[in-house]
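As a plain string of letters, each chain reads:
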Amino acid sequence: MEGAQEDPAESSSSVPRFAEPAGSARGAEVLPPEESGAAAKKLCGYLSKFGGKGPIRGWKSRWFFYDEKKCHLYYSRTAQDANPLDSIDLSTAVFDCKADAEEGTFEIKTANRIITLKAATKQVMLYWLQQLQMKRWEFYNSPPAPPAAPDAALAGNGPALRLELGTQWQEEAEPDDFLGPVRTPPGLVGVAAALQPVPTMPLALQNISLKHLGTEIQNTMSNIRGNRQAQGTGHGPPGEDPPLSSEPQRAEQPLPSDPSTPGKDPADSPKPTPKSSLTANLIQKAKRQNNTFPFFADGLTRSRTAQEKVLALEQQVLMLTKELKSQKELVRILHKALEAAQQEKRATSAYLASAGEKDRLELVRHKVRQIAELGRQLEALEQERDSLVQTASLREQQVQELQQHVQLLMDKNQAKQQVICKLSEKVTQDFTHPPTQPPVPPGAADRDLLSQQEKMEQLKDDMEAYRTQNRFLNSEIHQVTKIWRRVAEKERALLMKCAYLQAKNCQVESKYLAGLRRLQEAVGGEATECSELLRQLIQEALQWEAGEASADGVELSPISEYDEYGFLTVPNYEMEDLKLLAKIQALEVHSHHLLAHEAVERPLRERWAALSDLAPSVELKQLLRAGVPREHRPRVWRWLVHLRVQHLQSPGRYQELLSRGQVREHPAARQIELDLHRTFPSNKHFTCPTSNFPDKLRRVLLAFSWQNPTIGYCQGLNRLAAIALLVLEEEESAFWCLVAIVETIMPADYYSKTLTSSQVDQRVLQDLLLEKLPRLMAHLGQHRVDLSFITFNWFLVVFADSLISNILLRVWDAFLYEGTKVVFRYALAIFKYNEEEILRLQDGLEIYQYLRFFTKTICNSQKLMNIAFNDMNPFPMKQLRQLRTAHRERLEAELHELERLKAEYLETRNSRDPAVPEGCTSEDEGEGGP
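In this report, the structure presented in the accompanying data block is examined. What you are looking at is a predicted structure, and each value in this text was computed from that prediction instead of being measured.

1. A few points about the overall build of the chain
Right, on to step 1. When you go through the chain residue by residue, the secondary structure sums to 28 helices and 7 strands.
Right, on to step 2. The burial tally for the chain puts 39% of its 930 residues in the buried class.
Right, on to step 3. Counting only contacts in the chain whose residues sit at least 6 apart along the sequence, the fraction spanning at least 24 positions is 73%.
Right, on to step 4. Carbon together with sulfur atoms contributes 55% to the accessible area of the chain, which is approximately 54600 Å² in total.

Written out as structure tokens, the structure reads:
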């Protein structure tokens, strides 16, 4: 049984003999009115604890007292012991009582053991259980230390950090109706219980804890010293109390701490508070009654008769004899310890007395040989003991099996003999006396009625016991549930606080790296000591990993090399300044992710988890714009793709296209093979030699080239198919996703050889930028910057090469549902996001260099989404269609004009005489020999 073993004390510091006041206890007060009110609130008293091993296994009397600061229940052998034997952590414990167990028995169940306790009466048991529940609830209901609010946001490193923990911690203990208040048992709990005699055990040695023998010896020595001091200060007979004036001085003296006890510091020992003279007098009486060498009882008064005195003296002699036996056992143990210490002292003295180093070395070697020999003997004895234990256990099992078999046979034989005897008697009786109706005895009816009444009373008692057990267990379940909810709230608040602190750390590091970058730009290429130091700092910053910052810190989501879809979190740039910029970007992305995790991500995940069936609606549109969590994205994308291509899908279509490619090679196969290894070089799934993603991508692109022969293959389709593969993972699902984008979402001729629709969208974007961002377009026009060099690829691959994966996939979530309007919204939002940075640049070349990678610096997905879907409004689809129609007409007219000019040029060229000008040698003449 787990509760039979007493674990070592969880706190090495000395614990006071009585716990501090731990809140109000329900019930009547025990102490007299002149006592201090704090003493009545202490939860302490004697209980029996089941424990021990071997022949001394059984119930042991222990003094229990509660410490409200640690929510621990300490226990010792008596109330006067200086050091506790062990403690029970009540913060994670649950309580249980069984109706069929012995009266007053209950259990305290912790994570690693079960402690079985027994109270004197049922009322005492219920009082302890209710008080322990109250103490546990008060411990969890105590308000935590207010968290420190993070500082203001770092300039240029993201939004301000706000730690808003709106949880109301302090609550009143809700009274439950399961178990009513239990009255305080008089004299059995509280400080008054220390004045009662220690419950006696059948054997004095049985009550001693051999597992904590050192603590027992310390407590015994402390009690002996206390008794000697009491004898020295008392001037009257043994039965009289010392003067009250001297008692407070002894109460104020701290308990002596044993320097030999490891982990106990005198500074950690508790400082007793001054008590009143009456309280000190009562405790002194309890010491005299319960110490190891007690005095004679005060009951021998002159009014008693001689016989009563003799009986009292005989009881006192028996008690002293038992105590003497236990003290002899302790003295024997102390003698053994003393002999071992003397042997060690003699060996140490011989070592110190040796004159030369050789003699000392020889002594050390002799000791080492002795230790080795003893170790070998110990191993041999342990092996022999293990073999004997195994043999004994086998023999015991055999003996038990044989005993069970013999017992079974004896029971069967006895049952058969009883049946035979009954049958024989019945047959004999039937032959000798024919069966007649026996007369009913006059008192039989009364006896039956009494037996039935006794059974009814027993059943009533059982029902009452089960009803009490049920009420208590309901109360325990109710309180444990409330505690679990409270702990969950605290854990969630602490995780949120850790996330905010980690985000702040990322912002501080980002600011540090940005400062290094500005210093690097200011220093330039000068070879000075400052520039060398700056170079070393930058090199260390680039090699530093967030996980190495603090080995003991809490890392909720450290920065890894790759994200969950295989993209590099820190882009691998060749130039040194771009590497530093990439590191700053990764830190800012991580910071925004941590800030949005609790405030945005968790509610969003809960909303997606509650959405069971997918159907077109305004709510689904808003959820898709906010982004789909990773665990739901494959399912949602399959549904969106099916919504687009359900009129094109047919069973076995994908396999049919693949088999067609096996018969003969498609003309676009060579170009597909060339672009295959240039797809996402920063993604580990397409660069790892052992990855199967390149093969899947090849098959998807070849199947699409057979599906749509008018397009076949166009550069950019490989990136669209790769994104679909990374999310959906299945080839066929990725294939139909590519079909949905090219044939249903994007306009016709978007991926044709002329890219007509792509060019139209670039002109539409120019008009929208002039309307939404006129200041930016005036600045770009002043420096003759053509944005189509940058934005053309955005529309062709839907930002696959431009945005970081976290933001890119959110764009695709809305794009697959709403169409190309989302691409225009995000294109405008990207320029709006970085508008101020672009306006600061005053050179066309610098603007082009910045536009090459500025989309990778966007870290705040929430801010970008708000700009795209809120700041860019109104954005009617009717306006987009009108602009596309107008620009298509102009583009087609321009293309017709180019075709006309081309035809005229060819006609003019063909009409000319192909004669060779003078002085030039024709090809025929050049090839001819002499």
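2. Focus: helix H18 (residues 731–745)
Right, on to step 1. End to end, H18 covers 20 Å across 15 residues, agreeing with the expected 21 Å (1.5 Å per residue, within 8%).
Right, on to step 2. Buried residues dominate H18, accounting for 12 of its 15 residues.
Right, on to step 3. Among the residues of H18, Glu 731, Ser 733, Ala 734, Phe 735, Trp 736, Cys 737, Leu 738, Val 739, Ala 740, Ile 741, Val 742 and Ile 745 are the ones counted as buried.
Right, on to step 4. On its buried side, H18 packs onto helix H12 (633–645), helix H13 (653–663), helix H16 (693–707), helix H17 (717–728) and helix H22 (805–818).

3. Regarding the packing of H13 against H18
Any two packed helices are characterised by how steeply their axes cross, that is the angle between the axes, and by the distance between the axes.
Right, on to step 1. Packing of H13 against H18 leaves a shortest axis separation of 10 Å and a crossing angle of 90 degrees. When the interaxial angle is binned, H13 and H18 end up roughly perpendicular. Seen from H13, the contacting residues are Arg 653, Tyr 654 and Leu 657; seen from H18, they are Glu 731, Glu 732, Phe 735 and Trp 736.

4. As for the sheet that holds strand S5 (residues 94–96)
Right, on to step 1. The 7 strands lie next to each other as S4-S3-S2-S1-S7-S6-S5, forming an open sheet whose pairing is antiparallel. One side of each edge strand has no neighbouring strand; the edge strands of this open sheet are strand S4 (86–89) and S5. Mean inter-strand twist for the sheet, computed between neighbouring axes without regard to direction, equals 35 degrees.
Right, on to step 2. Alignment of strand S1 (residues 44–51) against strand S7 (residues 114–118), held across 2 bridges, turns out to be antiparallel. Bridging across to S7, Lys 49 finds its partner in Leu 117.

5. Some details on the pattern of salt bridges
Pairing between side chains of opposite charge can happen when their charged atoms approach one another.
Right, on to step 1. Counted according to the given criterion, the structure contains 32 salt bridges.
Right, on to step 2. Where Lys 109 meets Glu 107, a salt bridge forms, and the shortest distance between an N and an O atom there is 3.9 Å.
Right, on to step 3. Overall, the relative accessible area of 28% leaves Lys 109 in the partly exposed class.
Right, on to step 4. Counted as one network, the salt bridges with shared partners bring together Asp 96, Lys 98, Glu 107 and Lys 109.

6. Concerning the pairing of strand S6 (residues 105–109)
Right, on to step 1. For S6, the tally of buried residues reaches 4 of 5 residues, placing the bulk of the element in the interior.
Right, on to step 2. Two strands pair when backbone bridges link them, and S5 and S6 are joined in this way by 3 bridges, in the antiparallel orientation. Each residue of the ladder has a partner; that of Asp 96, found in S6, is Glu 107.
Right, on to step 3. Relative to S7, S6 is paired through 5 bridges, and the arrangement is antiparallel. Paired with Thr 105 across the bridge in S7 is Lys 118.
Right, on to step 4. Hairpin connection of S6 to S7: 4 residues between the antiparallel strands.

7. Comments concerning the environment of Arg 136
Right, on to step 1. In this structure, Arg 136 sits in helix H2 (residues 122–141).
Right, on to step 2. Given a relative accessible area of 1%, Arg 136 falls into the buried group.
Right, on to step 3. The spacing of Arg 136 and Gln 479 is 343 residues in sequence and 9.2 Å in space, taken between C-alpha atoms.
Right, on to step 4. With residues up to four places along the chain from it excluded, the contact list for Arg 136 reads Cys 71, Leu 90, Ala 93, Val 94, Phe 95, Glu 476, Gln 479, Val 480 and Ile 483.

8. Considerations on unusual backbone geometry
Right, on to step 1. A cis amide bond, omega -5 degrees, links Asn 873 with the succeeding residue Pro 874.
Right, on to step 2. Looking at the element boundaries, Pro 874 is found in the loop between helix H26 (861–871) and helix H27 (877–911).
Right, on to step 3. At Phe 680, a residue that is not glycine, the phi angle is positive and equals roughly 45 degrees.
Right, on to step 4. Structurally, Phe 680 can be placed in the loop between helix H14 (669–676) and helix H15 (684–687).
Right, on to step 5. Using a relative accessible area of 5% as the deciding quantity, one classes Phe 680 as buried.

9. A closer look at the environment of Ile 741
Right, on to step 1. Here Ile 741 lies in helix H18.
Right, on to step 2. Taking the C-alpha atoms as reference points, Ile 741 and Val 645, 96 residues apart in sequence, are found 9.6 Å from one another.
Right, on to step 3. Not counting the four nearest positions on each side in its chain, Ile 741 is found in contact with Leu 720, Met 746, Tyr 751, Trp 812, Phe 815 and Leu 816.

10. Topic: the nonpolar core
Right, on to step 1. If you look at the biggest cluster of nonpolar residues, it comprises 116 residues, and the most contacted ones within it are Trp 608, Leu 717, Ile 741, Tyr 751, Phe 799 and Phe 831.
Right, on to step 2. Cys 71, Met 125, Val 182 and Phe 472 belong to the second largest nonpolar core, which has 28 residues in total.

11. Some remarks on helix H20 (residues 774–782)
Right, on to step 1. Listed in full, the buried residues belonging to H20 are Leu 776, Met 777, His 779 and Leu 780. All buried residues of H20 project into a common sector of 160 degrees when viewed along the axis, lining one side. Summarising the geometry of H20, the exposed residues directed more than 90 degrees from the buried face are Gly 781 and Gln 782.
Right, on to step 2. Turning to H20, the residues buried within the fold contact helix H19 (756–772), helix H23 (821–833), helix H24 (835–840) and helix H25 (844–853).
Right, on to step 3. Just downstream of H20, Arg 784 is the residue with a positive phi angle, here 55 degrees.

Basis of the calculations
Residues numbered from 1 in each chain as written. Predicted model: local features only at pLDDT ≥ 70, side-chain atom pairs only at ≥ 80, totals over all residues. Heavy atoms only, no water. Helix = DSSP H or I, 4+ residues; strand = E, 2+ residues; numbered from the N terminus. Buried < 20%, exposed > 50% of the residue type's maximum accessible area, 1.4 Å probe, protein only. Contact = heavy atoms within 4.5 Å. Areas by Shrake-Rupley, 256 points an atom, 1.4 Å probe, with all protein chains shown as cover. Expected span 1.5 Å × (residues − 1). Axes fitted to C-alpha atoms, helices over the stretch in contact; angles between N-to-C directions. Parallel < 35°, antiparallel > 145°, perpendicular 65-115°, else oblique. Pairing = 2+ DSSP bridges. Salt bridge = Lys/Arg side-chain N within 4 Å of Asp/Glu carboxyl O. Core = buried A, V, L, I, M, F, W, Y, C linked by side-chain atoms within 4.5 Å. Arc of directions from axis to C-beta.

By themselves, these are just geometric observations and shouldn't be taken as functional.
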